[in-house]
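# Structure assessment
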Amino acid sequence: MKKSHIANNIRRLRFDQGEMTQQALADAIGVTRQTVLAIEAGKYSPSLEVAFRMAAVFGVPLESVFQYDPPAD
Amino acid sequence: MSIFDELSFREKSILISMLAQVLIFGNYFAELLGAAAEPGLGAMLSAMIGAIIALIVVEILFHAAIAIFDRSEAESQPADERDRMISGRASVISRFLLSGGVLLVLGHLLVNGALLESGDVRGVTLFEVANLLLFVFVLSEIVHYGAQLWFYRRG
């Protein structure tokens, strides 16, 4: 899987939620901890449904969680 | 901390399945190639069934062991969208190998059949065909596991 062009603020948002663990976030959105880890590291782009679930858990709009970072070509 | 400890429960499970296939069927094919003469149908069937039973036993024992040591992960989420995507990508590769292998065996049979009519070769036995197909199947399974591990490690 190539590094995606989608940036995210998951680490900061987890911190803002009282240092929510990756496992707690994974349980809340219905994926494994390894998937949260891969999303957070920008190595995996989740489905729209998972992305929206994540935004709902943090209580912020989708754009606050993920941002499109177009390739500079 | 060993490399094995760094793997997730799912990666450990895949690695065990892959190693079990490599060791058990590796041993099966090594014995087959080392045999002085072609074993009879009964011996071949018992060797094949023995390998399959050994595979099932090894998988159950080792999966039970890692489930005990990784209880929290084993009891957590079932396969999610990323697991399914990785399995799907690995399946594309292994299916390509399986199809290619079966076509090669088929081609081998056809060429052999044509040469047999001209009396140039001794022909292919059903024993060889069965084992060639088994080899292709086992190889595609091993590649499926290997590709999954590769995709998990890449991200």
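A quick note: this is a predicted structure, and the numbers were derived from the prediction, not measured.

## Topic: the overall build of chain A
Broken down by element type, chain A carries five helices and two strands. When the helices and strands of chain A are listed from N to C terminus, the series reads β-α-α-α-α-α-β. Each of the three principal axes of chain A carries a C-alpha extent, and together these read 40 × 25 × 20 Å. Sequence-distant contacts, at least 24 apart, represent 59% of the contacts inside chain A between residues at least 6 apart.

## Looking at the overall build of chain B
Assigned secondary structure in chain B consists of six helices and zero strands. When the helices and strands of chain B are placed in sequence order, the string is α-α-α-α-α-α. Here the C-alpha atoms of chain B give a radius of gyration of 19 Å, more than 25% beyond the 15 Å that 2.2 N^0.38 yields for 155 residues. Its C-alpha atoms put chain B at 65 × 30 × 25 Å along the principal axes. Looking at chain B residue by residue over its 155 residues, the buried ones come to 15%. Partitioning the contacts of chain B with sequence separation of at least 6, the portion at a separation of at least 24 is 86%.

## Here's the deal with the environment of alanine 41 of chain A
Looking at where alanine 41 of chain A falls in the secondary structure, it is placed in the loop between α3 (33-40) and α4 (48-58). Between the alpha carbons of alanine 41 of chain A and serine 4 of chain A there is a distance of 9.7 Å; along the sequence they are 37 residues apart.

## So, the interface of chain B and chain A
At the interface, ten residues of chain B touch 13 residues of chain A. Elements that contribute at least two residues to the side of chain B that touches chain A include exactly α5 (81-118) and α6 (126-154) of chain B. Tallying contributions element by element places α5 of chain B first for the side of chain B that touches chain A, with three residues. Residues belonging to the side of chain B that touches chain A are distributed by class as follows: one nonpolar, four polar and five charged.

## Quick notes on the packing of helix α2 (residues 9-34) of chain B against α6 of chain B
Helix-helix packing is described using two parameters, namely the angle between the two axes and the distance between the axes. All names here are of chain B. Running from amino to carboxyl end, α2 crosses α6 at an angle of 155 degrees, the nearest separation of the two axes being 10 Å. With respect to their mutual orientation, α2 and α6 come out roughly antiparallel. Seen from above, α2 lies across α6 with left-handed handedness. Taken together, the residues of α6 that come into contact with α2 (itself represented by Glu11, Ile14, Leu15, Ser17, Met18, Gln21, Val22, Phe25, Phe29 and Leu32) are Asn131, Phe135, Val138, Glu141, Ile142, Tyr145, Gly146, Gln148, Leu149 and Tyr152. When its residues are assigned to classes, the contact of α2 with α6 shows 13 nonpolar, five polar and two charged.

## Section: the nonpolar core
Residues and elements named next belong to chain A. Ranked by size, the top nonpolar core spans 14 residues in total, and within it Ala26, Ile29, Val31, Val36, Ile39, Met54 and Val65 carry the most contacts. When residues of this core are traced back to their parent elements, those giving at least two are α1 (10-16), α2 (22-29), α3 and α4. Excluding residues that lie within four positions of it along the chain, isoleucine 39 makes contacts with Asn8, Ile10, Tyr44 and Pro46.

## Observations regarding the environment of aspartate 16 of chain A
All names here are of chain A. Relative to the helices and strands, aspartate 16 is located in helix α1. Its 13 C-beta neighbours within 10 Å are what place aspartate 16 among the partly exposed residues. Note: C-alpha distance between aspartate 16 and alanine 72 (56 residues apart in sequence) is 31 Å.

## Topic: the confidence of the model for chain B
Residues and elements named next belong to chain B. Residues of chain B with pLDDT of at least 70 account for 92%, and the chain-wide mean is 87. Ranking the helices and strands of chain B by mean pLDDT puts α6 first, with 93, and helix α4 (residues 71-75) last, with 62. Prediction confidence for the complex, expressed as pTM and ipTM, is 0.83 and 0.85 respectively.

## A few points about the packing of α2 of chain B against helix α3 (residues 41-69) of chain B
Residue and element names in this part refer to chain B. Contact geometry of α2 with α3 gives a least axis separation of 9 Å together with a crossing angle of 155 degrees. When the interaxial angle is binned, α2 and α3 end up roughly antiparallel. For the pair α2 and α3, the crossing hand works out as right-handed. Contacts from Phe9, Lys12, Ser13, Ile16, Ser17, Ala20, Gln21, Ile24, Phe25 and Tyr28 in α2 reach Ala47, Ala51, Ala54, Leu55, Val58, Glu59, Phe62, His63 and Ile66 in α3. Looking at the contact of α2 with α3 residue by residue, the class counts come to 13 nonpolar, four polar and two charged.

## Observations concerning unusual backbone geometry
Residue and element names in this part refer to chain A. Even without being a glycine, glutamate 19 presents a positive backbone phi close to 55 degrees. Secondary-structure assignment places glutamate 19 in the loop between α1 and α2. Looking at glutamate 19, the number of C-beta atoms within 10 Å reads 8, which means it is exposed.

Conventions we followed
Residues numbered from 1 in each chain as written. Chains lettered and ligands numbered in written order. Predicted model: local features only at pLDDT ≥ 70, side-chain atom pairs only at ≥ 80, totals over all residues. Helix = DSSP H or I, 4+ residues; strand = E, 2+ residues; numbered from the N terminus. Contact = placed C-beta atoms within 7 Å. Rg over C-alpha atoms; globule rule 2.2 N^0.38 Å. Buried ≥ 20, exposed ≤ 12 C-beta atoms within 10 Å, placed from the backbone. Nonpolar A, V, L, I, M, F, W, Y, C, P; charged D, E, K, R; others polar. Axes fitted to C-alpha atoms, helices over the stretch in contact; angles between N-to-C directions. Parallel < 35°, antiparallel > 145°, perpendicular 65-115°, else oblique. Left-handed = near helix turned anticlockwise from the far one by under 90°. Core = buried A, V, L, I, M, F, W, Y, C linked by C-beta atoms within 7 Å. pLDDT = per-residue confidence, 0-100.

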